[in-house]
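Structural description and commentary
Now for the letters of each chain:
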Number of protein chains: 2
Amino acid sequence: MEKKQSFHVAVVGATGAVGQQILNTLENRNFPISKLSLLSSKRSAGTTVVFKNENVTVQEATPESFEGVDIALFSAGGSVSKVLAPEAAARGAIVVDNTSAFRMETDVPLVVPEVNEQDLLAHKGIIANPNCSTIQMVVALEPIRQAYGLKKVIASTYQAVSGAGASAIEELHVQTKTVLEGQPVEPKMLPVKSGEKHYQIAFNAIPQIDVFTENGFTYEEMKMINETKKIMHMPELEVAATCVRLPVVTGHSESVYIEVEKEGVTAEEIRVLLSEAEGIIVQDNPAEQLYPMPFYAAGQNEVFVGRIRKDLNNDKGFHLWIVSDNLLKGAAWNSVQIAERLIKLGLV
Amino acid sequence: MEKKQSFHVAVVGATGAVGQQILNTLENRNFPISKLSLLSSKRSAGTTVVFKNENVTVQEATPESFEGVDIALFSAGGSVSKVLAPEAAARGAIVVDNTSAFRMETDVPLVVPEVNEQDLLAHKGIIANPNCSTIQMVVALEPIRQAYGLKKVIASTYQAVSGAGASAIEELHVQTKTVLEGQPVEPKMLPVKSGEKHYQIAFNAIPQIDVFTENGFTYEEMKMINETKKIMHMPELEVAATCVRLPVVTGHSESVYIEVEKEGVTAEEIRVLLSEAEGIIVQDNPAEQLYPMPFYAAGQNEVFVGRIRKDLNNDKGFHLWIVSDNLLKGAAWNSVQIAERLIKLGLV
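Residues numbered from 1 in each chain as written. Chains lettered and ligands numbered in written order. Predicted model: local features only at pLDDT ≥ 70, side-chain atom pairs only at ≥ 80, totals over all residues. Heavy atoms only, no water.

Put simply, the rule reads: UniProt positions are given in the numbering used here, feature names are shortened, and annotations may be inferred rather than shown by experiment.
Per an unreviewed UniProt entry, chain A carries the name Aspartate-semialdehyde dehydrogenase and comes from Ectobacillus antri. What the UniProt record of chain A gives under Catalytic activity (unreviewed entry) is the line "L-aspartate 4-semialdehyde + phosphate + NADP(+) = 4-phospho-L-aspartate + NADPH + H(+)". Recorded in UniProt under Function (unreviewed entry), the annotation for chain A is "Catalyzes the NADPH-dependent formation of L-aspartate-semialdehyde (L-ASA) by the reductive dephosphorylation of L-aspartyl-4-phosphate."

As structure tokens, then:
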């Protein structure tokens, strides 16, 4: 059988913040598309989106939308994925799902190509794209794990509002303008739209992303903990996270403390190791005030790592500062990258 | 000898961001002042400041300014303190210095009243007020150390621009307005005014506060490390810090991981312990989305603690989220509080 050269691609949630970036990425990567189906909720159906200089009308996503689709990129919320991803898979599409709906299911690979591309081989129709804050962290940690072993990870995040969607970006802008005008703001959206309380994000920091779980950690924190273990195949890895929302539009940052297994590793060795690793750009030179920052990482596909320091008390401890565009490597680019790897591996 | 009832107080740096808060605090506390001398650099001399509804003219600070002064509150930068604090002390004033000039000198007490008030007894004329990010952390950690012992501290900070002075607040406001208008910004001030490079702080996070030291940590990070050990009298304490500047006007936040010595401590025990401790308000109820945030902590003297969770892997590990007004408990209030304790202890 001849290998397929181009593919019928469906994008579900085409009008959202991540959906738009998926379309940009497909276009920039010149992804081999024979047919493009843009799908959405009933509410957004009918919208026209420009792709490669052509107008494409967004259709309401139904089970039948996936007839003949080779690759379906889902980014329309967990409830949509739960209903429609199995329908798409049943019709022969390979689903790359950007929601949390299937991430922890044992027969669903949870993939960051730089880390566990081989897990794609075991897919059963649905592949999950990890949470944004998890992706950028494991890209930075995997080369370290391979070279020196990894025992412990303690992360504190500095997350952008775009992770909560286009309406959160709008809320940040409107609130900021209102504060600068000296007027009181009326928070409506963050930290969790469906939550009882909403707090100002302009000129503030909110230590809640997603709702709380029973152990006092938020779902966002538990995602980072559980997804990291699954992607790195390390159920025994000690991971902790504190996730915080900031008045930043795009670009998540993470202050991460790790402990490796090997003794005597130097910060310079980690710097060299990461600078040679796939998908990473090391920005780490105190003398030149060089370190990653979210504003400057926005729009780029790579994971940026800097402030690499050996702990002053623990020979096996290191501190890292990890930054990436949460809509690109944290979502759209990782999804499209998975699709590219599926093609490369002959799985589609 | 009869105990003095009111005091000649000098405020050095009266026109700065912290100086203004010192005056507010002296007024709000109804501090027993017999005479108030407001001092500044030559540049700001002549400015008129309102204190208790009276206009006070700011004078240029000279060695002679401190004749007859009982208590001198310094907040005009390290170089001013280095020259004038010894002059003030030589003239019989007790100096409470809010700069880093004398903090690590062995014969200078470094004091947070809730933690080590007794160190005031050994003063030799100069008492140092710790760094803002250190103060709020040790207020939260000291009750835990006393009850359960403390072995390890790993802090990641979320610091407001007001820590860099009034001109940094202005820079954040101007930049933010410029970005909202879609214009390019010209950073001039942060992260370090005298540094070669300046970065946008609006909608960004900058992982550099103060200049870098030779070990790759910044001075701000080394201040947190060294000052914490000195204040808590624990040279053996394992402390690490990553300090990050945010687009927040006032209020520093800290994501802090600690390890205690005692086994079997629960998060609820720490919650109860801290809620009974001096100077702390516990805001920690996930069910009600209750946790501290810098925007809401601004203007208050207390240290706010929430997100108290036991680590999922280490029985002795806990995560805390600590927030306080960096200009008040982090600077002005701690300085005035030291002055109040000096009076209470009969040291002035």
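**Regarding the sheet that holds strand β6 (residues 71-74) of chain B**
All names here are of chain B. Definition in use: A pair of strands is treated as paired once DSSP finds two or more bridges between them. Helix and strand assignments follow DSSP, with helices taken as H or I runs no shorter than four residues and strands as E runs no shorter than two, numbered in order from the N terminus. When checking whether two residues touch, look at their non-hydrogen atoms; a contact exists if any pair is within 4.5 Å. Note on geometry: axes are lines fitted to C-alpha atoms, helical ones only across the stretch in contact, with angles between N-to-C directions running from 0 to 180 degrees.
Strand order in the open sheet made by the 6 strands is β5-β2-β1-β6-β7-β8, with parallel pairing throughout. Each having just a single partner strand, β5 (59-60) and β8 (126-128) make up the two edges of the open sheet. Pairing between strand β1 (residues 7-12) and β6: 4 bridges, direction parallel. Among the inter-strand pairings, V12 is bridged to a residue of β6, identified as F74. The strands that helix α1 (residues 17-28) touches are β1, β2 (33-40) and β6; relative to β1, the one it contacts most, it runs at about 155 degrees.

**Here we look at the relation of the copies chain A and chain B**
Applied cut-off: Alignment of the copies relies on least squares applied to C-alpha atoms, considering only residues that score at least 70 for pLDDT in both.
With an axial shift of 0.0 Å and an RMSD of 0.0 Å, the rotation relating chain A to chain B amounts to 180 degrees. Here the copies are linked by what is in effect a two-fold axis. Mapped onto chain B, 100% of the interface residues of chain A are again interface residues, and the two copies thus contact each other with one and the same surface.

**Some words on the side chain of E220 of chain B**
Residues and elements named next belong to chain B. Note the following rule: Counted as a polar contact is a pair of N or O atoms within 3.5 Å, where, for protein atoms, one must be capable of donating a hydrogen and the other of accepting one, and residues adjacent in sequence contribute only when both atoms are in side chains.
Within the element layout of this structure, E220 appears in helix α6 (residues 219-231). Reaching out from E220, the side chain makes a polar contact with the side chain of S133 at a distance of 3.0 Å. Apart from the residues within four sequence positions on either side, E220 is in contact with N131, C132, S133, Q159, I209, D210 and C243.

**Side note on the environment of V249 of chain A**
Of note, V249 of chain A is situated in the loop between β10 (238-242) and β11 (252-260). When the C-alpha atoms of V249 of chain A and L120 of chain A are compared, they prove to be 32 Å apart, with 129 residues separating the residues in sequence.

**Structural notes on the pattern of salt bridges**
Between side chains of opposite charge, a pair can form when the charged atoms approach closely. Defined as follows: The rule for a salt bridge is simple: a side-chain nitrogen of Lys or Arg has to be within 4 Å of a carboxyl oxygen of Asp or Glu. For every residue, the accessible area obtained with a 1.4 Å probe (protein chains only) is divided by the maximum for its type, and the residue is called buried under 20%, exposed over 50%, and partly exposed between those limits.
Going through the model one piece at a time under the given rule, you end up with 40 salt bridges over all chains. Taking the shortest distance from any N to any O, the salt bridge between R91 of chain A and E87 of chain A comes out at 2.8 Å. With its nearest N and O atoms 2.6 Å apart, the salt bridge here joins R341 of chain B to E278 of chain B. In this pair, R341 of chain B sits in helix α9 (residues 328-344) while E278 of chain B sits in the loop between α7 (267-275) and β12 (280-282), placing the two residues 63 residues apart along the sequence. You can call R341 of chain B buried: its relative accessible area is 13%. Note on E278 of chain B: relative accessible area 44%, which makes it partly exposed. Residues joined by salt bridges that share partners form a network here, namely E64, E67, E87 and R91 of chain A.

**Points about helix α5 (residues 166-180) of chain B**
Our working rule: Expected helix span is computed as 1.5 Å times (number of residues minus one).
Helix length check: α5 of chain B, at 15 residues, gives a terminal C-alpha distance of 22 Å against a target of 21 Å (1.5 Å per residue), a fit within 8%. Listing the buried residues of α5 of chain B in full gives A168, I169, E171, L172, Q175, T176 and T178 of chain B. Residues of α5 of chain B that are buried make contact with α5 (166-180) of chain A. Residue G182 of chain B follows α5 of chain B closely and has a positive phi angle near 80 degrees.

**Some words on the domain arrangement of chain A**
Residue and element names in this part refer to chain A. So the rule is basically this: Residue ranges assigned to the domains are those given by an automatic or database domain assignment. Computed with a 1.4 Å rolling probe, the buried area is the accessible surface lost when two parts are put together, summed over both parts. Classification used: nonpolar for Ala, Val, Leu, Ile, Met, Phe, Trp, Tyr, Cys and Pro, charged for Asp, Glu, Lys and Arg, polar for all others including Gly.
For chain A, the assigned domains are domain 1 (7-130 + 331-344) and domain 2 (134-326). Together, M104, E114 and V115 form the three largest contributors to the area buried by domain 1 at its contact with domain 2, with a combined 32%. Along the contact surface separating domain 1 from domain 2 lie 2 salt bridges. Joining domain 1 to domain 2, the criterion identifies 7 residue pairs in polar contact (both at pLDDT 80 or more). Of all the secondary structure elements, the ones that give two or more residues to the side of domain 1 that touches domain 2 are α3 (113-116) and α9 (328-344). The greatest single-element share of the side of domain 1 that touches domain 2, amounting to 4 residues, is contributed by α9. Class assignment of the residues belonging to the side of domain 1 that touches domain 2 gives a composition of 9 nonpolar, 4 polar and 5 charged.

**Examining the UniProt feature "binding site: phosphate" (unreviewed entry) in chain A**
Residues and elements named next belong to chain A. Annotation from UniProt places "binding site: phosphate" (unreviewed entry) at R103. Assignment of secondary structure puts R103 in the loop between β7 (94-97) and α3. When near neighbours in sequence (up to four residues on either side) are disregarded, R103 contacts N98, V108, L110, A128, N129, P130, N131, K223, E227 and K230. One polar contact links the side chain of R103 to the main-chain carbonyl oxygen of N98, over a distance of 3.2 Å.

**Examining the sheet that holds strand β13 (residues 303-310) of chain A**
Residues and elements named next belong to chain A. With mixed pairing, the 6 strands of this open sheet are ordered in space as β10-β9-β11-β14-β13-β12. With partners counted over all chains shown, the strands left at the sheet margins are β10 and β12 (280-282), one partner each. Averaged over all adjacent pairs, the angle separating strand axes in this sheet is 25 degrees, with direction ignored. As paired elements, strand β9 (residues 150-158) and β10 share 5 bridges and run parallel to each other. From the neighbouring strand, K152 faces β10, where its bridge partner is E238.

**Things to note about the interface of chain A and chain B**
Every contact between the two is made by 63 residues of chain A and, on the other side, 64 residues of chain B. Here chain A and chain B share an interface that buries about 5,300 Å² over both sides, 61% of which is from carbon and sulfur atoms. Viewed at the interface, chain B and chain A are joined by 4 salt bridges. Mapped onto the side of chain A that touches chain B, the elements with two or more residues apiece are β9, α5, α6 (219-231), β10, β11, α8 (294-297), β13 and β14 (317-324) of chain A. Across the side of chain A that touches chain B, the residue classes break down as 33 nonpolar, 17 polar and 13 charged.

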